[in-house]
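# Coordinates in review
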Amino acid sequence: MVTDVQVVPLVEPDAEGIDPQRRRELQQRRLGQLVERLLAAGGLQAGRLRDAGVTGGADVTLDDLHRLPTVTKRDLWDHYPDGLRAVPLEDVVCVHGSSGTGGRPTLVPYTAADVDVWAQVMARALGGAGATRRSLVHNAYGYGLFTGGLGVHHGAMRLGATVLPLSGGMTERQIRMITDLKPDILTCTPSYAIFLGEAFGAPPGCLRAGLFGAEPWTNEMRAQIERLLGLRALDIYGLSEIIGPGVAAESLDSDGMLNVAEDHFYVEAIDANGRPVPDGTPGELVFTTLTKTGMPLLRYRTGDVASLAGPVPGAPRTLRRMSKLLGRTDDMLVVRGVNVYPTEIEAVLLADERVSPHYLVVEDRRAPARPELIVAVEPVSTEGSLAADLDTALRERLGITCVVRVLAHGSVPRVEVGKAKRFVRWSDGPEPVPGLAG
């Protein structure tokens, strides 16, 4: 595992390294401009602002922001397909989106100005990982409606680096390109980084750092990725509704947390009742897009759970930071009265060197009165009493007893494209994977 810590140059010193008080003044100006744009556009957000007594940008301050209503994904679905577009259609240069329910994706219109902001924050993210104009960025995120691939592509070009647009899957080709071209930066999902590392068999030797996102992952998985690929594994966060990847990103000098691009995206963390939580306390992330024009959002509830903190003391980056995602409000399990996030389970599993990164958490609701949490793992080694040891470790961490199943190699499905599926609910029908019923 690579553990060296270094300070990396700022891509935009006037944005990333500005005095926090001056940044707050900028955020306040941009918040006022955002409110004016929303009121002028009309529609759902304008109506809610007026209902809250807001008639202009001067009526809203950062200190009062938490008192204003929020926007949710349900609001976007209810206004499908246009969402909450705030500009004429002729000003839209592209549309991206994410999966939704009932076959309805969440569609997000972008103006040219939005794409410019996206390229800007992604260039910062890549620069924070040590990428420079001399870098070759091997981009294995998917290209298309999903924002991952094109976000990295925009950012690498803005930085002046060379981008190799491999997209997802085609693992043999990925290995050939890394072997032949020797990129120094890798971008893909963390689950695909594991898949790629296992396919290599040994670290390729050229990669220095990677930006891995689009799904929650733990520090224990970070250690696995760094061991397999021989690089610094860094987290990147984003969502289509806000801009895509680049909303926040870990840098080589951010002490394990992600720098929020807060000159463009004002972040809050709230509890289940919508009240702000103090720094260091996990809460649902809420973002306000201070500069976005195609679909600006005031206080968008992401459903993602993390904690916030100030900048690293004395560091050149003066941005607020967020932790790695702890989970989502909608994937929190309540098992026998205990709240459990799947990431807590992953942290226990991958802390044991006998466990491979391929696992599945199953909420067994076949008997509603006796819900069970089944944790299926594939072993790297069968030394000792793996199932019993994991049962003890999970009980100590979670406060409940889990059913641990040790499966044969290859039992848990792998993914080459898209996000890994590590959690399922089982209420009836056949086993999600063979061997769960014991």
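Residues numbered from 1 in each chain as written. Predicted model: local features only at pLDDT ≥ 70, side-chain atom pairs only at ≥ 80, totals over all residues. Heavy atoms only, no water.

### Description of the sheet that holds strand β11 (residues 283-289)
The 4 strands are arranged β10-β11-β12-β15 in an open sheet whose pairing can be described as antiparallel. Two strands close off the open sheet at either side, each with one partner strand: β10 (265-270) and β15 (327-328). Summarising the sheet, β10 and β11 pair through 6 bridges and their orientation is antiparallel. Along β11, the bridge assignment pairs Glu268 with Val286. Where helix α2 (residues 20-41) meets the sheet, its contacts fall on β10 and β11, and the angle it forms with β11 comes to roughly 70°. (Pairing = 2+ DSSP bridges. Helix = DSSP H or I, 4+ residues; strand = E, 2+ residues; numbered from the N terminus. Contact = heavy atoms within 4.5 Å. Axes fitted to C-alpha atoms, helices over the stretch in contact; angles between N-to-C directions.)

### A closer look at the nonpolar core
With 52 residues, the main nonpolar core has Leu126, Tyr237, Phe265, Leu285, Phe287 and Met322 as its most contacted residues. It is helix α5 (residues 112-128) that contributes the most residues to this core, 8 residues altogether. The contacts of Met322, once residues within four sequence positions are left out, are Tyr237, Ala248, Met257, Leu258, Val260, Leu285, Ala306, Ser307 and Leu308. Judged by nonpolar contacts, the second largest core, of 21 residues, contains Ile178, Cys188, Cys206 and Phe212. (Core = buried A, V, L, I, M, F, W, Y, C linked by side-chain atoms within 4.5 Å. Buried < 20%, exposed > 50% of the residue type's maximum accessible area, 1.4 Å probe, protein only.)

### Here we look at the packing of α2 against helix α3 (residues 44-51)
At a minimum axis separation of 7 Å, α2 and α3 run at an interaxial angle of 110°. By the angle between their axes, α2 is roughly perpendicular relative to α3. With respect to the hand of their crossing, α2 and α3 are arranged in left-handed fashion. Where α2 abuts α3, its residues Val35, Leu38 and Leu39 lie against Gln45, Ala46, Leu49 and Arg50. (Parallel < 35°, antiparallel > 145°, perpendicular 65-115°, else oblique. Left-handed = near helix turned anticlockwise from the far one by under 90°.)

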